4 protein chains.
Amino acid sequence: MKKPEPVAVQDERPTEFPLFDTHIPCLGVPKVESPIQRTVLFTRDGRQVEKSFVSDNERVLVYDSLDYLKQLAPGEMPLMFELAGPREKVYFDSAKVHCAIATCGGLCPGTNDVIRAIVLELYHLYKVRHIFGVRYGFQGFIPRYGHDLMTLGPEEVVNIHSFGGTILSSSRGHQNIAEIVDALERLNVRILFLIGGDGTLRAADKICEEITARDLRISVIVIPKTIDNDIPLVSRSFGFDTAVEMATDAIRAAHTEALGAPNGIGLVKLMGRYSGFVAANAALALREVNFVLIPESDFDLDGDCGLLTNLENRLRERNHAVIVVAEGAGQKFFKEEELPRDPSGNIKPGDIGMLLVERIQAYFRAKGMEINLKYIDPSYIIRSMPANYNDRIYCGFLGQNAVHAGMAGKTAMLVSRWHGHYVHVPIKATVGKTKEVNLDSPLWRSVLESTGQPPLKN
Amino acid sequence: MKKPEPVAVQDERPTEFPLFDTHIPCLGVPKVESPIQRTVLFTRDGRQVEKSFVSDNERVLVYDSLDYLKQLAPGEMPLMFELAGPREKVYFDSAKVHCAIATCGGLCPGTNDVIRAIVLELYHLYKVRHIFGVRYGFQGFIPRYGHDLMTLGPEEVVNIHSFGGTILSSSRGHQNIAEIVDALERLNVRILFLIGGDGTLRAADKICEEITARDLRISVIVIPKTIDNDIPLVSRSFGFDTAVEMATDAIRAAHTEALGAPNGIGLVKLMGRYSGFVAANAALALREVNFVLIPESDFDLDGDCGLLTNLENRLRERNHAVIVVAEGAGQKFFKEEELPRDPSGNIKPGDIGMLLVERIQAYFRAKGMEINLKYIDPSYIIRSMPANYNDRIYCGFLGQNAVHAGMAGKTAMLVSRWHGHYVHVPIKATVGKTKEVNLDSPLWRSVLESTGQPPLKN
Amino acid sequence: MKKPEPVAVQDERPTEFPLFDTHIPCLGVPKVESPIQRTVLFTRDGRQVEKSFVSDNERVLVYDSLDYLKQLAPGEMPLMFELAGPREKVYFDSAKVHCAIATCGGLCPGTNDVIRAIVLELYHLYKVRHIFGVRYGFQGFIPRYGHDLMTLGPEEVVNIHSFGGTILSSSRGHQNIAEIVDALERLNVRILFLIGGDGTLRAADKICEEITARDLRISVIVIPKTIDNDIPLVSRSFGFDTAVEMATDAIRAAHTEALGAPNGIGLVKLMGRYSGFVAANAALALREVNFVLIPESDFDLDGDCGLLTNLENRLRERNHAVIVVAEGAGQKFFKEEELPRDPSGNIKPGDIGMLLVERIQAYFRAKGMEINLKYIDPSYIIRSMPANYNDRIYCGFLGQNAVHAGMAGKTAMLVSRWHGHYVHVPIKATVGKTKEVNLDSPLWRSVLESTGQPPLKN
Amino acid sequence: MKKPEPVAVQDERPTEFPLFDTHIPCLGVPKVESPIQRTVLFTRDGRQVEKSFVSDNERVLVYDSLDYLKQLAPGEMPLMFELAGPREKVYFDSAKVHCAIATCGGLCPGTNDVIRAIVLELYHLYKVRHIFGVRYGFQGFIPRYGHDLMTLGPEEVVNIHSFGGTILSSSRGHQNIAEIVDALERLNVRILFLIGGDGTLRAADKICEEITARDLRISVIVIPKTIDNDIPLVSRSFGFDTAVEMATDAIRAAHTEALGAPNGIGLVKLMGRYSGFVAANAALALREVNFVLIPESDFDLDGDCGLLTNLENRLRERNHAVIVVAEGAGQKFFKEEELPRDPSGNIKPGDIGMLLVERIQAYFRAKGMEINLKYIDPSYIIRSMPANYNDRIYCGFLGQNAVHAGMAGKTAMLVSRWHGHYVHVPIKATVGKTKEVNLDSPLWRSVLESTGQPPLKN
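Since this is a predicted model, take the numbers as computed values, not measurements. (Residues numbered from 1 in each chain as written. Chains lettered and ligands numbered in written order. Predicted model: local features only at pLDDT ≥ 70, side-chain atom pairs only at ≥ 80, totals over all residues.)

Caption draft 1: The overall build of chain A, seen in detail. Along chain A, the regular secondary structure elements total 13 helices and 19 strands. Here the C-alpha atoms of chain A give a radius of gyration of 24 Å, agreeing with the 23 Å that 2.2 N^0.38 yields for 458 residues. Each principal axis of the C-alpha distribution contributes one length, and for chain A these read about 75 × 55 × 45 Å. (Helix = DSSP H or I, 4+ residues; strand = E, 2+ residues; numbered from the N terminus. Rg over C-alpha atoms; globule rule 2.2 N^0.38 Å.)

Next up, the structure:
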């Protein structure tokens, strides 16, 4: 598996404007009247308003800055996303359509909220009555694993948002694409909702190709799930808000521990294999951090400008220090061939947390300087939390818009929020790419101001 | 005082595109080199990047939809906001400038975070050493109240974000504009940071006019504060996120109470004098609400389609019901001349919560039907909470950008977040207007789907 | 209904030692071998220990002070409680016994935990398979209300502790005792678990008398539920811990509000019809309260030593004040004949919160002194919370010991925790009595120290 | 250092009743009138009550069971504790006395609350004006470390309970006893308050001996701090309640992780070097645990009855499992000579968490069975939390009673809560002993019932 390539559509202030395909494929012309009820609303002053549908022609700009508009050729249309939402005509007949939902990869707060929203929207709004839950991710499609399907309806999902994790369970690792599509055919699934991250997008891309090759009419809609918030063209992935909230608790603990002992050092490892969004945001929420180390920013350990000397200076001045490190930071300190791989075949990043523990302890032991290092790794606690209210609302909208898209016959796409709008993004536009923290963005500038950390490079 | 007029720049999907002035006044040409340190950063692959400043020419679109672009005349520039951020040249000399901060109106989570961010940014980044806190809002400028000033620096603000409210205290009510400007002159204040809502914007507008009339060089920067989230051209006001989170707890309580007794009714009154954003979002976060009543949507109590009959039907079917009402809803049931006014002269909305309690009890008493109505008004508990992490990060950015703007000599403006960017908005563009829930937006459509509530109009 | 009489067995340091009957009735001699599995345990050093049963002869002292022992006549046995726990022989045959559970009165955190513990203990430990949930309290026994029974087993209760309230729902008000016992006979119930407070104890007492009169073999076990913590011979009632925790949040809000405005007054009304335990403990947890008003302590409003003058002095000195009032305080300011009654016929206490609001506002209006009074009544939010972990563990033990007692044929008793032991208390010993805050106890002394409040009496 | 010996005065239901000295030494006869204000209180019915002092003769029983009383010889007095509380006469003159406070050992929730209570009680009630904070534990007494003293008063402690850790900072490791007493003499300290655990009790014991040898009049009062709750004759140590609450969150996470993947295993390591109280209580609070491993209970890993086989059976039946292990469990699997020591010279327990991770992974790898093991160690996050409300109230009482004792000239004692009373316990009665979970107590029986775990011994 290739490491995903970084992508410039990043954080709030892109300096380049990459092109990509914004066209969303559709299985065919939607001709069925939407079963969504038409309602009349009454404004403050009693005026009637009709609740409307979203037209397939509604678009929002991908880049909304003057700099971008200036670089367009005369008459050239800017890059735009299709707006998500309920369509007046849909592609599938509610009475007949079979839908399936699967969750893949690691746990993420809000997954159950997305499942719940999809099920309730299918059931109540579109009156769909055949909804299956596929258990243990892609394993659930492969007969030899022997996982049963779950039948999903309002009763099965009524309280699931009170709990973290996923009621469908999940798994990692590749499965045979042809076998997955065999299962979709066998089960007569017409809309497949996949909740997953980078690996899932890759698999979804291939599933769509196989579906096309077999000339099937199956819609595949992805709701992007990554606690690292590293999927490009998705401004914030669900669960990220909850993750940052929980991460601040870990940092608070590290700060308290650092203050509580002579030359106390609190070291917190946070999620972020390729991108430091969790680390950067959590550091901003609790401005007690002195060093934030993320994959996007190179740093040295040794030397006059390296982390260790800077840490020593900080301790000599203030007697305590707090370090936050994203799990993917400092990978240059590891040799790729020595690193383990996860069941999906992804190279697991070297354990930068343990490496820092060892290097810091060795450094101060050599100096004969007493330190008290406390290392906190809260990842599993964070991942398994139920979503906070903000993610909960967000998951609701993601699930609803996924259903609108699927029912309208859209496919090979993911549901995203972009500049406050829910939009359709083609899987091809994001697959294999990673959203990164832009070092020259307000976010990272603010982290540097808050920590006061120097470049940490010789 | 006039009731503010609703404005169409509302919620995510405007159908009209109103024009307004986006020009930000500046006190003069900034000629002073910014004291912000220039740093070199190192990317993942060791490449050097320079942390840059924001140019005064950077702009972002106000409306980013295709529909808007289509209606522009050929060659016509779309409406754009000035981008916030640090400028390379500033207007004030850090060594000499005196700054003042005041907080006005009701409590709102995050106020202390904004104060803290302003103080830390002024002190650490711009090396400003004369920062005053004005106590009890505009009262603090008026000598006869006898409120002392506070001197603010890092030590005074280090932990204030752990507590709700405002360390400067606040007050409501008008004060004499000339006396306020007299105080600014007397105290030699060159940048005034005001944290406040609708009334504060109105006062700030007049203060700016008085400053201009006296030909003074004083910058006035507003950080908009409204727990109702009803200031136009501000996509989300700080504290709103925390407020919705806390409001969901109240709704959860109401739901539990409703389930716990025969024909239980849980009724929750939430903040929202002119706009139902808190009520709508909280209802979405905890999808246990059956009726959401907001100022923007007209409804009847009596009659076959009115609330009471619908409530009875709900109880007969399901034995319990949850109602969420924004404080400004149903004002047609009150006579304006009978309503009290707050110290700022604003008409206080009629107490729709108590009116509903009385009308519901009377209705079922008349029917001889046992009900158990529990009325919850969590407003004071919500307002006085410390900010959650999300608001905390947001407040940090607002405070920082307010300082960047003030130091650059910008004035008569407020700091806003728009489509993910921090921007400068002229006070004149928002004063006297109110942001409203668009009934035909994804937000309200989603509320209606989630509650299943009918139009409630005969 | 008579107001319950106060009882001297109160708070930690009784000055009198009242006598009462500590004999627990049993339906007959338990002859059935307990189905509880006998296990061998292994200590740290590998030694075997056998898990033992509790003997019917195990007793713990009611009063454990030297002063009490001294007043005993030579040879006189001190007052003792029977120890709760599993017996080696039980009275009922697990295979045949039918059990019922009902919840009565207002909501209280932990009720679902008690239900869950009873069901799991009956099911898993005693292998009982006939467990019914009676809905809406005593209403559920009366056919004309038409409430269905619930069948309870592990699946029905697996997650209920995550939610507040009671899955059985509750009701207030008297029901005909004979009809209730008719229902027990009709349903063949042999053990009735009642979760309720003062009124439930009274009803349980009469139900036991009726059962005796009819010469039935039905065990009635009460798990005492009172958020006010006012049942005598129960050192802490379940849910009380959660209630105090939530109450401190309301006080924190009141304190923040008081600080946030000129002459701010935060007034919080807390639960406590006859006893001020919630108010006293919450005031201790958040030592920001200036006046605590409880039913046990008389106070004046007017006059030089009254509350209002003291409040004014406080405001003149410190500009803000926080008052906590238990709902049953200051009842002398109301005329009993003017007060409403609840469905159980209990006189509802006069609304001391609103009375204080009116009197405080009138007092300062008359003085022409600007105040900002914020009144918070968090009762419904508190009552409907899920239990915190401490109450959760406690509820588990209460439910388990209730089951042990019922299976052993004990009856007319409640389960209590006393000096760290779980014990059996005869209903007759507590019915119609109220536990009170002892004004000369460490608890109240500590409140007075913390608030610095004077006697508030002329 | 010797491992402390287990002691039979354990958990709720002792089967043996060990003897120990309950006599509390006093520096001399208290002759000074207490500066505590005498107040008159007014009961509900307007009757006057005087707030009283506690007499030195007030005693409460150590053992309150019938079994204990029966074994007393005729006329023999039972074992009793001195009751804590304010005395009418005190030993020290408030105007002159100097007091010092130090915190030793690891962090524990509530430490700042105890400091705050001591300072406020000394300052407000006893009008003491010389209060020092000693920094970094016993290091702060030793000049060569160069730690400054803090001056403590109401302003310094007003908000410290909002934060975890200790404002005095702490340290581990032995310091020279004579040097400590030298410092007490040099600083003219007359009352020394020590907040610490087992090691601190040992040091305090020796400090008292040195004070006696030098014939000084210095009172030493210990407030016992152990997050493990393992100090004998202390029914619950402060911070324990908070620790269990936080531990349940970690278990909830482990359970969610276990459910989320094929054959998921959640493994949580909790505090508890010699005693499993945290593990046992947390398992009860969240009844989702399948195996609880504590130091008091021997278990095997291998063999038909060992943990690994039982774990496999559980996975084959239910596909997931949750294990909670106290850090001191399973020490037989380590060789003492290979274990590291902490700075105090205590042998650090072998890392049972990592050992279980390795053994479990090896076991299932050998079987070719896919498992997903998630290991959570939340100790640092738990230790550094602020106290929950329940601990907060408790810490208040501990601090107050420590001050009452110190001012009365008591010494060589610790403050404890016993059967609901605050009492004085001689240091000699607890030093070098450890409170343990009684395997035949309601606590452990309830854990076994809740987990259903077998003896895990071949």
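Caption draft 2: View of the sheet that holds strand β11 (residues 191–196) of chain B. Residues and elements named next belong to chain B. In spatial order, the strands read β5-β6-β18-β17-β12-β11-β8-β9-β10; together these nine strands make up an open sheet with mixed pairing. Edge positions in the sheet fall to β5 (59–61) and β10 (150–151), since each has one partner strand and no second. Of the pairings in the sheet, the one linking strand β9 (residues 130–134) to β10 comprises two bridges and is antiparallel in character. Within β10, the residue paired with G133 across the bridge is M150. Where helix α2 (residues 111–125) meets the sheet, it contacts β8 (98–103), β9, β11 and β12 (219–224), and its direction lies at approximately 175° from that of β8. (Pairing = 2+ DSSP bridges. Contact = placed C-beta atoms within 7 Å. Axes fitted to C-alpha atoms, helices over the stretch in contact; angles between N-to-C directions.)

Caption draft 3: Structural context of the sheet that holds strand β13 (residues 264–270) of chain D. All names here are of chain D. A sheet is described by the order of its strands in space; here four strands give the open sequence β14-β15-β13-β16, paired in parallel fashion. Of all the strands in the sheet, just β14 (291–293) and β16 (372–376) have a single pairing partner and so form its edges. Along the sheet, successive strands turn relative to each other by an average axial angle of 15°, direction set aside. Examined bridge by bridge, β13 and β16 share five bridges and lie parallel to one another. Residue pairing in the sheet places L267 in a bridge with Y375 of β16.

Caption draft 4: Layout of the relation of the copies chain A and chain B. For the pair chain A and chain B, the best superposition has an RMSD of 0.0 Å and corresponds to a rotation of 180° with a translation of 0.0 Å parallel to the axis. The transformation relating the two chain copies, once decomposed into turn and shift, fits a two-fold axis. Considering only C-alpha atoms, the part of chain A nearest the rotation axis is H419 of chain A, at 2.2 Å. Both copies share a contact surface, since 100% of the interface residues of chain A are interface residues in chain B too. (Least-squares fit on C-alpha atoms with pLDDT ≥ 70 in both.)

Caption draft 5: View of helix α4 (residues 177–187) of chain B. Residue and element names in this part refer to chain B. If you check which residues of α4 are buried, you get I180, V181, A183 and L184. The arc that holds the buried residues of α4, viewed along the axis, is 150°, so those residues lie on one side. On the buried face of α4, the contacting elements are β11 and α5 (198–213). A positive backbone phi angle near 65° is found at N188, which sits one or two residues after α4. (Buried ≥ 20, exposed ≤ 12 C-beta atoms within 10 Å, placed from the backbone. Arc of directions from axis to C-beta.)

Caption draft 6: The arrangement of helix α2 (residues 111–125) of chain A in detail. Residue and element names in this part refer to chain A. The terminal C-alpha atoms of α2, which comprises 15 residues, lie 21 Å apart, in line with the 21 Å expected from a rise of 1.5 Å per residue. Burial runs high along α2: twelve of the 15 residues are buried. Considered for burial, the residues of α2 that qualify are T111, N112, D113, V114, I115, R116, A117, I118, V119, L120, E121 and L122. For α2, the secondary structure elements touched by its buried residues are β8 (98–103), β9 (130–134), α3 (154–157), β11 (191–196), β12 (219–224) and α11 (389–407). Of the residues flanking the end of α2, it is K127, one or two places downstream, whose phi is positive at about 60°. (Expected span 1.5 Å × (residues − 1).)

Caption draft 7: Fine view of the interface of chain A and chain B. On the side of chain B, 54 residues touch chain A, which itself brings 54 residues to the contact. Tallying contributions element by element places α11 of chain A first for the side of chain A that touches chain B, with seven residues.

Caption draft 8: Region of the structure containing the relation of the copies chain D and chain C. Of the transformation superimposing chain D on chain C, the axial component is 0.0 Å and the angular component is 180°, with the fit at an RMSD of 0.0 Å. When you check the interface residues of chain D against chain C, 100% turn up at the interface there too, and the contact is symmetric in its surfaces.

Caption draft 9: Spatial organisation of the environment of V423 of chain D. Residues and elements named next belong to chain D. Note on placement: V423 falls in strand β18 (residues 421–426). On a C-alpha basis, the gap between V423 and R59 in space is 8.5 Å, while along the polypeptide they are 364 residues apart. If we ignore the near neighbours within four places in the chain, the residues touching V423 are V60, F81, E82, L83, A84, S416 and W418.

Caption draft 10: Spotlight on the environment of L83 of chain D. Residues and elements named next belong to chain D. Residue placement: L83 occurs in strand β6 (residues 80–83). On the basis of neighbour count, L83 is assigned to the buried category, with 23 C-beta atoms found within 10 Å. Between the C-alpha atoms of L83 and S52, which are 31 residues apart in sequence, the distance is 14 Å.

Caption draft 11: Here's a closer look at the environment of V357 of chain B. Residues and elements named next belong to chain B. Along the chain, V357 falls in helix α9 (residues 352–367). The sequence separation of V357 and S171 amounts to 186 residues, and the corresponding C-alpha distance is 31 Å. V357 has contacts with L267, L373 and Y375, leaving out every residue within four places of it along the chain.

Caption draft 12: Up close: the domain arrangement of chain A. Residues and elements named next belong to chain A. Partitioning chain A into domains gives domain 1 (5–238 + 387–435) and domain 2 (243–383). The gap between the C-alpha centroids of domain 1 and domain 2 is 35 Å. At the junction of the two partners, domain 1 supplies 15 residues and domain 2 supplies 14 residues. In terms of residue class, the side of domain 1 that touches domain 2 is made up of four nonpolar, seven polar and four charged. (Domains from an automatic or database assignment. Nonpolar A, V, L, I, M, F, W, Y, C, P; charged D, E, K, R; others polar.)

Caption draft 13: Representation of the interface of chain D and chain C. At the interface, 54 residues of chain D touch 54 residues of chain C. Sort the elements by how many residues they give to the side of chain D that touches chain C and helix α11 (residues 389–407) of chain D lands first, with seven residues. Classifying every residue of the side of chain D that touches chain C by side-chain character gives 21 nonpolar, 18 polar and 15 charged.

Caption draft 14: Main features of the pairing of strand β15 (residues 320–326) of chain D. Residues and elements named next belong to chain D. Burial runs high along β15: seven of the seven residues are buried. Here β15 shows no split at all, with H320, V322, V324 and A326 on one side and A321, I323 and V325 on the other all buried. Here β13 pairs with β15 via seven bridges, running parallel. Note that in β15 the partner of I265 across the bridge is A321. In this structure, β14 lies alongside β15, joined through three bridges in parallel fashion.

Caption draft 15: Local environment of the packing of α2 of chain A against α11 of chain A. Residues and elements named next belong to chain A. It is the contact of α2 with α11, at a shortest axis distance of 8 Å, that shows an interaxial angle of 45°. Relative to α11, α2 is oriented oblique. The handedness of the crossing between α2 and α11 comes out as right-handed. Taking contact as the criterion, the partners of D113, V114, A117, I118, E121 and L122 in α2 are, on α11, R392, C395, G396, L398, G399, Q400, A402 and V403. Taken together, the residues that form the contact of α2 with α11 break down as eight nonpolar, three polar and three charged. (Parallel < 35°, antiparallel > 145°, perpendicular 65-115°, else oblique. Left-handed = near helix turned anticlockwise from the far one by under 90°.)

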